[in-house]
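The chain contents come next:
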Amino acid sequence: MTQASQTASGWWVKEDSFSPNDYRKQESLMALSNGYLSLRGSFEEESIKLGHAGTYLNGLYEFHPLQYGEKYTGYPEQSQVMINLPDPKSVNLSINGHTFSLDEGKILEFERYLDIKTASLARHIVWESPSGDQVNIESIRFVSATYKHLACLQYKVTALNFSGAITLTSAIALDRQNLTREQDPRVGVNFEDASWRISETHQHHQLLQVHGSTTLSKLKFRCTLANELGGLKTINTAFEQTAQALCLVGKGQIQAGETLTLTKYMWYDRYEMENPVAQVESIQALGFEALKAEHEAWWAKSWEQMDISIDGAEPMQQAIRFNMFHLTQAVGKDGYTNISAKGMTGEGYEGHYFWDTEIYMIPFFVYTNPHIAKQLLLFRYNTLDKARERALELGHKQGALYPWRTINGYECSAYYPAGTAQYHINADIAYAIRLYYLVTGDKLFMESYGFEMLLELSKLWMDLGVFDPEKAGAFCIQEVTGPDEYTCLVNNNMYTNAMVKSQMAFTLQCFDLGLQLSPSTQALAENFDRALAQRIIERMFLPYSERLKIHAQDDSFLSRPVWDIANTPRNKFPLLMHYHPLTLYRHQVCKQADVVLAELLLSDQFSLEQKKRDFDYYAKITTHDSSLSTCIYGILACELGDMEQSYQYYIKTARTDLDDFHHNAKDGIHAANMAGSWMGIVYGFAGLRWQQDTPVFNPALPPAWTGYRFTVQIHDMSLQVSVQADQVEYALLTGSHLTLKHKDQAFTLTQGQAKVMQ
Ligand code: BGC
């Protein structure tokens, strides 16, 4: 499928012709998930061997031993890898002895569409077998938003011009495996042994079940598949089992005009329940249509809370909805799982969770579905003990150090310069706690979880940093890596230091919130050295060049030669795939926003003139090889009044996956960037910032648009903001009263009230 045929429309991603070359990318884009169970958007038919079919459970991983030529203390022993499980959506069709595949016969009609609004994937095919028999095949599936263990699929075959034998097989495919490592460090692992094994299989009426567990991590899973076959006068069913699949085979005679329908209720659990068979049977009794209606109602409610409408730019409208859809479906919603960098749409980055969650995705959830944002923070709370353990392992005497990348809470990064050394993860988590509290006012969260985390996060910096006599006693943080992964192991990364300063200030503020603490958090608070925290705030070192009047990304950054981006051939990007890391580290070249990101997140701490100088300098040396970058530059460009440049960044951000700008959507979507496209509108064009406790908007309209409208949740209230060329309307849809600012004009809205500002 070509990009052009991906019809621009707000609610659809559509293919109207079949292109094998784009198939693997489309599997990612059309993946469906509910944050627990995920199915890549592969065709159902086992006979079509293309791409990489994937079935994943959030938080279900296999250990993968990490190999080092030289291994030192504190290197993680093993990684956790999200694994590709048995595939319950598998189907095979044959008519009059011919199996439907792409190698035989002809595709006469093809259409596939991802319905973003209802989170379902439908396909229409008319196939002619080598002997001229034509069938119409309609399939539709969804991963239930209301029953997290459930996915449903309906597959309908209509005989168009013949009567004859039909065989429709429904299977749980057992031959799935993870991708093996390709020439890209960002994708795949080579497991020596199978990552999982099947321990039991069962067949019962029209139901199939497999029990299995991962080989090294010993995590159990169970897949139960209930089938319904209907529409023909008689259909005979039989079970078959091979090493590749557990199957229910249905055979019958179909008459021209008749339709055979297979409905599959696919249920995955991790032994959370006694009897999944009874569960599936009771769910099945509700029927496909009722389950689909419930699923759609959940999505309708979510769209009410989060939708953004854009007038005058269809491709951007499609992109923002597509991005919000992926984020909402991918996120773990139980406090024990998180959101993978690739959103469980592919195996890139092994399914790991990164700082992407706190700095990019939590803002989206805080403002659209704060309950989910809380679950993401609870994931960090639930892994706090592991972070405490990790801090000790790395030689710190106190505090907690969160892993750079993880699934279960333990560090997985094998390459420490661009992994473990990114200590800013701690400050990122603290930042997300502060944002969550600011936007929701959820004091109970702070009492039960937030403050305890903040104290531990802050104690770590007290242990790590030093008041450096060489820098007039300024507080310095040595040997860390900031967000920019093309500059590693530096002293005083500006982003890290600025974020730590803000974290310390917030930690101290929390002492004055009157929090009711548990005895253990109370004890922690009493032992916290507030005077030291205060001194750190006052003396935090932020590297600055008097010569250039800009912030230096770190102590030695500006002493390095500047990388000649303009004369680097296009085929050498991303640079990480073509140059030794040291070559990159020795130059002034950035993979992604670093100083500029700090100036967005801590917006009120830097003057506009300073931001402009920093922006202009770093924009020239940033490659945006990381997808976490253009959104941040776009927002800053807007704040600096350069709408033209901002919009160019925005296009790159919003359509990163739909247009595959990074050429790797086949391995999964870029979830942080997707959240960045939401920030691009709300923080960028609408200019949302906070002045103390007041949200402030400073809206602008991209010239290509005639208007846009979005809703944000603030303190349990729903605020709708509609921006047009000559006016902005603020409406309080729910909630008693909210004080906000339009530029420098403050006003209060009461429930149902709207105010138009010029
Ligand atoms: C970026 C990191 C990011 C990771 C996962 C890398 O390319 O440099 O900042 O956390 O991808 O998205």
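Here the structure is shown first, and the text comes after it.
Residues numbered from 1 in each chain as written. Predicted model: local features only at pLDDT ≥ 70, side-chain atom pairs only at ≥ 80, totals over all residues. Heavy atoms only, no water.

S.K.: I keep staring at helix H3 (residues 288-306) and nothing clicks. Help me out?
M.R.: Each full turn of the α-helix corresponds to 3.6 residues, which orients residues three or four apart in the same direction. Relative to the 27 Å expected for 19 residues at 1.5 Å per residue, H3 spans 27 Å between its end C-alpha atoms, a close match to the ideal helical length. Every buried residue belonging to H3 is among Phe 288, Leu 291, Lys 292, His 295, Trp 299, Ser 302, Trp 303 and Met 306, and all of these are buried. Taken end-on, H3 shows its buried residues confined to a sector of 115 degrees, consistent with a single buried face. More than 90 degrees from the buried face of H3, the exposed residues found are Glu 289 and Glu 304. (Helix = DSSP H or I, 4+ residues; strand = E, 2+ residues; numbered from the N terminus. Expected span 1.5 Å × (residues − 1). Buried < 20%, exposed > 50% of the residue type's maximum accessible area, 1.4 Å probe, protein only. Arc of directions from axis to C-beta.)

S.K.: Explain the side chain of Asp 659 here, please?
M.R.: Examined against the element boundaries, Asp 659 turns out to sit in the loop between helix H17 (643-654) and helix H18 (671-685). Using a relative accessible area of 14% as the deciding quantity, one classes Asp 659 as buried. Among the polar contacts listed, one links the side chain of Asp 659 to the side chain of Arg 655, at a separation of 2.9 Å. (Polar contact = N/O pair within 3.5 Å; in protein donor to acceptor, adjacent residues only side chain to side chain.)

S.K.: Before we go on, may I ask you to explain the site of the ligand in this structure?
M.R.: Taken together, Ala 341, Tyr 349, Phe 354, Trp 355, Asp 356, Trp 404, Glu 485, Lys 591, Gln 592, Ser 626 and Leu 628 form the complete shell of residues around the ligand. Between the ligand and the protein, one listed contact pairs an oxygen atom with a side-chain N or O atom of Tyr 349 at 2.9 Å. Lys 591 has a polar side-chain atom sitting 2.9 Å from an oxygen atom of the ligand. Coverage of the ligand by the protein chains reaches 93% of its 310 Å² of free accessible surface. (Near = heavy atom within 4 Å. Areas by Shrake-Rupley, 256 points an atom, 1.4 Å probe, with all protein chains shown as cover.)

S.K.: How should unusual backbone geometry be read in this particular structure?
M.R.: Residues apart from glycine generally show negative phi values, whereas peptide bonds are mostly found in trans. The omega angle of the peptide bond from Phe 573 to Pro 574 is -5 degrees, so this bond is cis rather than trans. Among the structural elements, Pro 574 can be located in the loop between strand S24 (550-551) and helix H13 (581-585). Of note, the phi angle at Lys 218 is positive, near 55 degrees, even though the residue is not glycine. The residue Lys 218 is located in the loop between strand S15 (207-214) and strand S16 (220-230) in this model. In this structure Lys 218 comes out as exposed when scored by relative accessible area, which is 62%. With a phi angle near 65 degrees, Asp 716 is a residue other than glycine that sits in the positive phi range. Note that Asp 716 resides in the loop between strand S27 (707-714) and strand S28 (717-724).

S.K.: Can you walk me through the packing of helix H5 (residues 356-368) against helix H6 (residues 370-382) in this structure?
M.R.: Angle between the axes and distance between the axes: these two values describe a pair of packed helices. It is at 6 Å that the axes of H5 and H6 come closest, and there the two elements cross at 145 degrees. For the pair H5 and H6, contact is made by Thr 357, Glu 358, Ile 362, Phe 365, Val 366 and Thr 368 and by Pro 370, Ile 372, Ala 373, Leu 376, Leu 377 and Arg 380, respectively. In terms of residue class, the contact of H5 with H6 is built from 8 nonpolar, 2 polar and 2 charged. (Axes fitted to C-alpha atoms, helices over the stretch in contact; angles between N-to-C directions. Contact = heavy atoms within 4.5 Å. Nonpolar A, V, L, I, M, F, W, Y, C, P; charged D, E, K, R; others polar.)

S.K.: Looking at this structure, how should I read the packing of helix H4 (residues 314-330) against H18?
M.R.: Two elements in contact, H4 and H18, have axes separated by 9 Å at closest approach and are oriented at 130 degrees. The orientation of H4 relative to H18 falls into the category oblique. Relative to H18, H4 is oriented so that their crossing is left-handed. Residue-level inspection shows Ile 320, Phe 322, Asn 323, Met 324, His 326 and Leu 327 of H4 in contact with H18, the latter providing Ala 671, Met 674, Ala 675, Ser 677, Trp 678 and Ile 681. (Parallel < 35°, antiparallel > 145°, perpendicular 65-115°, else oblique. Left-handed = near helix turned anticlockwise from the far one by under 90°.)

S.K.: Can you help me understand the sheet that holds strand S29 (residues 728-734) in this one?
M.R.: Two modes of strand pairing occur in sheets, parallel and antiparallel, and in both the strands are linked by backbone hydrogen bonds. The antiparallel open sheet is built from 5 strands, whose spatial order is S20-S27-S28-S29-S32. What marks the edges here is a single partner per strand, and that holds for strand S20 (308-311) and strand S32 (754-757). The sheet shows a mean angle of 15 degrees between the axes of neighbouring strands, taken without regard to direction. Where S29 and S32 come together, 4 bridges link them in antiparallel fashion. If you follow Ala 731 over to S32, its bridge partner there is Ala 754. (Pairing = 2+ DSSP bridges.)

S.K.: What am I meant to see in the sheet that holds strand S2 (residues 32-33) here?
M.R.: If you walk across this open sheet you meet the 3 strands as S2-S3-S4, and the pairing is antiparallel. Strands with a single pairing partner mark the edges of an open sheet, and in this sheet they are S2 and strand S4 (55-57). The sheet contact formed by strand S3 (residues 37-39) and S4 spans 3 bridges and is antiparallel. Paired with Leu 39 across the bridge in S4 is Thr 55.

S.K.: I'm lost on the pattern of salt bridges in this one. Help?
M.R.: Pairing between side chains becomes possible if they bear opposite charge and their charged atoms approach one another. Scanning the entire structure with this criterion turns up 35 salt bridges. One salt bridge in this structure joins Arg 176 and Asp 175, with 3.0 Å as the shortest N-O distance. Looking at Arg 176, the relative accessible area reads 12%, which means it is buried. By relative accessible area, Asp 175 is classed as partly exposed at 36%. With a shortest N-O distance of 2.9 Å, Glu 452 and Arg 388 are connected by a salt bridge. (Salt bridge = Lys/Arg side-chain N within 4 Å of Asp/Glu carboxyl O.)

S.K.: Even after reading the chapter, I still don't get the packing of aromatic side chains, so can you show me in this structure?
M.R.: Aromatic ring pairs: the centre-centre distance and the angle between the two ring planes describe each pair. If you walk through the whole model with that rule in mind, you get 51 aromatic pairs. Between Trp 196 and Phe 221, the ring centres sit 6.1 Å apart and the planes meet at 90 degrees, which makes this aromatic pair edge-to-face. Pair noted here: Trp 196 is in strand S14 (residues 196-204) and Phe 221 is in strand S16, with a separation of 25 residues, a long-range link. Accessibility expressed as a relative area gives 8% for Trp 196, which makes it buried. Taken together, a centroid distance of 5.6 Å and an interplanar angle of 50 degrees make the contact between Phe 697 and Tyr 730 tilted. Here Tyr 730 lies in strand S29 and Phe 697 lies in strand S26 (residues 694-697), a separation of 33 residues in the sequence. The burial state of Phe 697 is the same as that of Tyr 730; both residues are buried. The structure contains a cluster of three or more aromatic residues connected by ring pairs, namely Tyr 647, Tyr 650, Phe 685, Phe 697, Trp 705, Tyr 708, Phe 710, Tyr 730 and Phe 747. (Phe/Tyr/Trp six-rings, centres within 6.5 Å; stacked < 30°, edge-to-face > 60°.)

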